[in-house]
Amino acid sequence: MNFKFLVKKIITSLVTLFLLATVTFFIFEIIPGNVVLTKLGTEATKESIEAMEKLYGLDKSLADRYIQFILGLFTGDFGISYSTNLPVSSMINNCLPVTINLAIISLVLVVVVSVPLGLFFGLISSKKKNAKKVFAIDVTNQTFMSIPPFVIGIVISLFFGLTLKWFVPGYVADINTDFTGFLWCLVPAAVSVAIPKIAMMIRFIRTSVADEMEKNYVRLARSKGMSEVRVLFLHVLKNVLITNVTALSVVVVEIFAGSVVIEQVFSLNGMGRLLIASISGRDYKVVSAIVMYVGIVVILTNLLVDILYAIVDKRTVSADE
Amino acid sequence: MNKKKINFVLAIGIILTAFFVTIAIVSVFYTPCDPYDMSFKEKFLEPSGKHLMGTDNFGRDIFSRVMVAVKNSLVISGSAILISFIIGTFVGSITGYYGGIIDEILMRINDALASIPSILTAMVFVALMDKSQKTLIIALIVAFIPSFARVSRSQVIALKNRDFVKSAKLSGASNFRIIFKHILPNGKSALVTGLSVGFNNAILAEASLSFLGLGIQPPDPSIGSLLSEAQMYVATAPYYVVFPAIVMVLMVVGVVMIGEGYGKN
């Protein structure tokens, strides 16, 4: 891990972020139609038009607005919403706790469940006689990977919510007075988001354990009389985790994608629902701000994963230069 | 794993997919009932011989609606994924082969687009245009180009310095021919796997968008919009949720298994 590598990765991430912001900004600029006229109608006076343009910052030039938008990435100021006349940042900040906590719970679930199960299945599949079991595992995994989170969400709220009454669908405890209760209310949604990703990670880990178990160093360890479990934990585990660190960034992207939809299923007031409302209400400022928020999270995750990967596997740095 | 088992996976995948394609084709000519015909007397009928999957809140036959939904889903995601596969592979392999500054710029833009989930990209496009089937297809095309560009680019980069490419160059083959006749066929298994994963994701994305009300608009059915309607009546008519959900899962499992079986061959 050297300084040059780190700087290179950070610059690449910043460039990616900048490009994403540029594409996002101009894509919403090219839409025909005047927001102010649409809002005020044809009978608007000149003064009211000007006042409204000033409120939304539309009196400024395109270049000024572009700079404002780019700066917004660092200040968090994305202007005033067209539909509510509130600052976009405060609208998003109201929704952030739900989405962030949902994503964190899902991510924890994915890691906690998939790593042990993946290792276990990997151990099973490294033995030739278990071919049938492996096939059954793969098919089950495949099926769970293929179920979209919102279908799982509907099934969970039907079965655990309405039939077993373990939770009340649509109810979320207040985050300020009852934080633990708030987190518990997010768990059903998090499970729905996490299940397909757990299946995906189990599969990644299982195949890489099976691949590693074929390698010469494992054969050597076995021939020395080491037990399978010891080989797994002392030698294979490290290599398997290194290989799968990169998959985490995919999981984070997918968790965000899944939570956009799942918030609708469980009526959670997160960024996903705000996004859908803003798309229907043609509130482009909110839409572009949300795109940037998600983009920042994903780009940061990728950066972290790259750095983490370089720390655990020193070969990447030299290969990258 | 032995060869027999691999073909078994592929076979199930092909059978499932062929089954749904057949349903989609049949739905154009024949459905047991009119999928749009409302009859308030026949609201929420349980599954029976006449209505295999029961009827919905407007008394429409769910089975017929599921048939049309399968068609819509396959047509939309299939056409979108095919177009974005062609564009993505073309761009990715050309820039990967030539490298240089254009490759660097395009790949940075690609990374930027890939850094937001494809469903979000698709949602942005729905926001830009009206909510219609055409918009949905365009949105999915744009959303899936980056992943295909990435796959084909990495294949081309991995293969372009191999000996068979060098000998093709020496024998005077044009760059274009080298890329599309020599390099890409060798990366076929990665491309096909990518295609099946993409198709799968497109089906899910279409279903998700329609579920959110941003895709196919009522009264046209889509698996996603059927599920979103069904969710409201989940307590009174659970079968309304169950059948579309099963169909959705089987459809995706079929596509995934084709990719699986093919990738391991």
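Every value quoted in this text rests on a predicted model; they were computed, and no experiment measured them. (Residues numbered from 1 in each chain as written. Chains lettered and ligands numbered in written order. Predicted model: local features only at pLDDT ≥ 70, side-chain atom pairs only at ≥ 80, totals over all residues. Heavy atoms only, no water.)

What follows deals with unusual backbone geometry. All names here are of chain A. Residues other than glycine seldom take positive phi values, yet Lys165 does so here, at roughly 55 degrees. For Lys165, the location among the structural elements is in the loop between helix 7 (149–163) and helix 8 (179–213). For Lys165, a relative accessible area of 64% gives the class exposed. Unlike most non-glycine residues, Arg282 shows phi in positive territory, near 55 degrees. Inspection of the secondary structure puts Arg282 in the loop between helix 12 (271–280) and helix 13 (284–312). (Helix = DSSP H or I, 4+ residues; strand = E, 2+ residues; numbered from the N terminus. Buried < 20%, exposed > 50% of the residue type's maximum accessible area, 1.4 Å probe, protein only.)

Right, let's talk about the pattern of salt bridges for a bit. Going through the model one piece at a time under the given rule, you end up with eight salt bridges over all chains. A salt bridge links Arg206 of chain A to Asp138 of chain A; the nearest nitrogen and oxygen atoms lie 3.1 Å apart. Of this pair, Arg206 of chain A sits in helix 8 while Asp138 of chain A sits in helix 6 (residues 131–146), and the two are 68 residues apart along the sequence. Across the pair, exposure class does not vary: Arg206 of chain A and Asp138 of chain A are buried alike. Measuring nitrogen to oxygen at the nearest pair gives 2.8 Å for the salt bridge that ties Arg108 of chain B to Glu104 of chain B. With a gap of four residues between them, Arg108 of chain B and Glu104 of chain B both fall in helix 3 (residues 100–114), about one helical turn apart. (Salt bridge = Lys/Arg side-chain N within 4 Å of Asp/Glu carboxyl O.)

Glancing now at the interface of chain A and chain B. Counting residues at the interface gives 45 residues for chain A and 43 residues for chain B. In total, about 3800 Å² of surface goes out of reach between chain A and chain B, with carbon and sulfur atoms giving 81% of it. Taken together, the connections running from chain A to chain B amount to four residue pairs in polar contact (both at pLDDT 80 or more). The element contributing the most residues to the side of chain A that touches chain B is helix 6 of chain A, with nine residues. (Contact = heavy atoms within 4.5 Å. Buried area = accessible area lost by both parts, 1.4 Å probe. Polar contact = N/O pair within 3.5 Å; in protein donor to acceptor, adjacent residues only side chain to side chain.)

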